[in-house]
Amino acid sequence: PMWQDGGLFTPDRIVPDATVAILGQNPGENEERGRRITQYDGPGRYTTTETEPQPFTGPTGWAMEHQLMPEAGLQRDDVSYMNALRCRWRGGNTLPPAKILKEALAHCRQYDALPDSTMLVVATGGPAMQAATGCTGPVGDWRGYMLPWAPVWPLEAPRPPARDIYTPTQAERRVFVTYHVAFIAEAPWLRPVAMRDWQKVSQILKGAWPKPLPMMLSYPPPRWPLKCSWDTEFNDDFMFRYSMAWDSPSGSLVHVVERADSYGNPPKVEPGSVIIMQNAEADLSFMEQILGKVDVRVEDTMYAHSVLWSDLDHDLNFGGSLYASINRWKHLVTSNPRVYSAGDAVGTLDWWKGMEAEFQRDPRSQWVYQHCLLPQLQVIRKARAKGIKVNHARIGPAFKELEHVMTVERLKAQAWAGYPINLDSPPQVARWLYDIEDIGARKKGR
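None of these values were measured; they are calculated from a predicted model. Numbering of residues starts from 1 in each chain and follows the order in which that chain's sequence is written. Under the rules for a predicted model, residues below a pLDDT of 70 receive no local features and side-chain atom pairs below 80 are neither given nor counted, while totals for whole chains, interfaces and linings still include all residues. Side-chain measures were taken over the full set of non-hydrogen atoms in the model, leaving aside hydrogen atoms and water.

(A) Spatial organisation of the environment of Phe286. Counting from the N terminus, the helices are DSSP H or I runs at least four residues long and the strands are E runs at least two residues long. In this fold, Phe286 is placed in helix α8 (residues 280–291). A simple rule labels every residue: compare its accessible area, found with a 1.4 Å probe on the protein chains alone, to the largest value its type can have, and call it buried under 20%, exposed over 50%, or partly exposed in between. On the accessibility criterion, Phe286 (3% relative accessible area) is buried. A sequence separation of 229 residues divides Phe286 from Thr57, and the C-alpha atoms of the two residues are 55 Å apart. Excluding residues that lie within four positions of it along the chain, Phe286 makes contacts with Trp230, Thr232, Phe234, Asp236, Asp237, Phe238 and Met239. We call two residues contacting when some pair of their heavy atoms lies within 4.5 Å.

(B) Main features of the sheet that holds strand β6 (residues 146–148). DSSP bridges decide pairing: two strands pair if at least two such bridges lie between them. The strand order across the open sheet formed by five strands is β4-β1-β5-β7-β6, and the pairing between neighbours is mixed. Two strands close off the open sheet at either side, each with one partner strand: β4 (79–83) and β6. Neighbour-to-neighbour, the strand axes of the sheet open up by a mean angle of 25°, direction not taken into account. Sheet topology places strand β1 (residues 20–24) next to β4; five bridges connect them, and they run parallel. Only the contacting stretch of a helix is used when fitting its axis, a line to C-alpha atoms as for every element, and angles between N-to-C directions run 0 to 180 degrees.

(C) Representation of the nonpolar core in the model. What is meant by a nonpolar core is a set of buried Ala, Val, Leu, Ile, Met, Phe, Trp, Tyr and Cys residues, joined one to another through side-chain atoms within 4.5 Å. Formed by 104 residues in total, the largest nonpolar core has its most connected members in Ile22, Trp198 and Ile275. No other element matches the 10 residues that helix α11 (residues 337–361) contributes to this core. The contacts of Ile275, once residues within four sequence positions are left out, are Trp224, Cys228, Trp230, Met287, Leu291, Val296, Arg297, Val298 and Glu299.

Pasting the structure below:
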């Protein structure tokens, strides 16, 4: 055993001249025993062949090789494989407790074997991220983003906080963080997110992502752009900064304007201009303080994303991980607040561009967004300002009607599935939609 209560040692698989390495968290039984899956028909139903003990030869490796790596244009022989932990905790698949995990990562560390040609390490899951970067935060914070390659002994002091957006060059080794494949199996509604992450791997290798933050200006635009994003920083009802991003003829620009510089002669706004916000309920009143009552069209990335992807998170860190042209910026809220504000504006604008493209492929969702969700914005603002009238006599019958509708739909779902599926259980619904109906499958030509 390599460390206390460890299993059998599983060596890394290093490919000379590989540009990509995939870092997992720990080997499974197949990896430990030297069995590689050659045909997979479902959990526990697969065919194996003998191979050298190495990472990613079990169900996780099969799913990665056949479902995710093709999104990046990669094949198994193109990459190196490693595990943050190189043996199985007590001979099983469960990870050790946090304190022992740090000691185990320190003992198993052996990343100097990577060839000099390896410029990108794809860290799958939290232990892999911690081993490759020293970052111990939630993996969800960094999924879809990059960190510097900095494998450290986990027992060392934590690294100082970042003070700028990390934008690496093609000549430096860096780490891209994504979900562990086994986690996707437990949360199949996140499969499209994982596929998007692996598509981004291809962009990274081509040098197309991430892009640097656009030029940051500290003053308002003399003339309001016809289309821009808008974001504010405020305490209670006091706005102390706003940021906006837009595409000018000479390139993308972002303005980060402090409160003292935001008043005076307001920029002229053309009627029908489009202003994009993330959670417009919070920011719209501040926009009116700056511009007054103007004839603009407000779009909301949070509303749009909730229609298109109701099962996913709708905060800006998550949306930015899928659509932003820049690397993560949300961790800079205290260390570099102006860049943080600029990132919010750029991320919101990029997110909306993604929503526009997806609405073109799904016009029915666009109709729901435009006619059902977006009109609620003014209703909610009015309700917050003046309150909302409630017909108390109608509440009881309305609840009964809703319960009846829910019962009917539940019975329909159970009849369709052929067993008493629980619609209140996301795993049961996800299993039916993704594993049985296979709604997430990418059809050729679609």
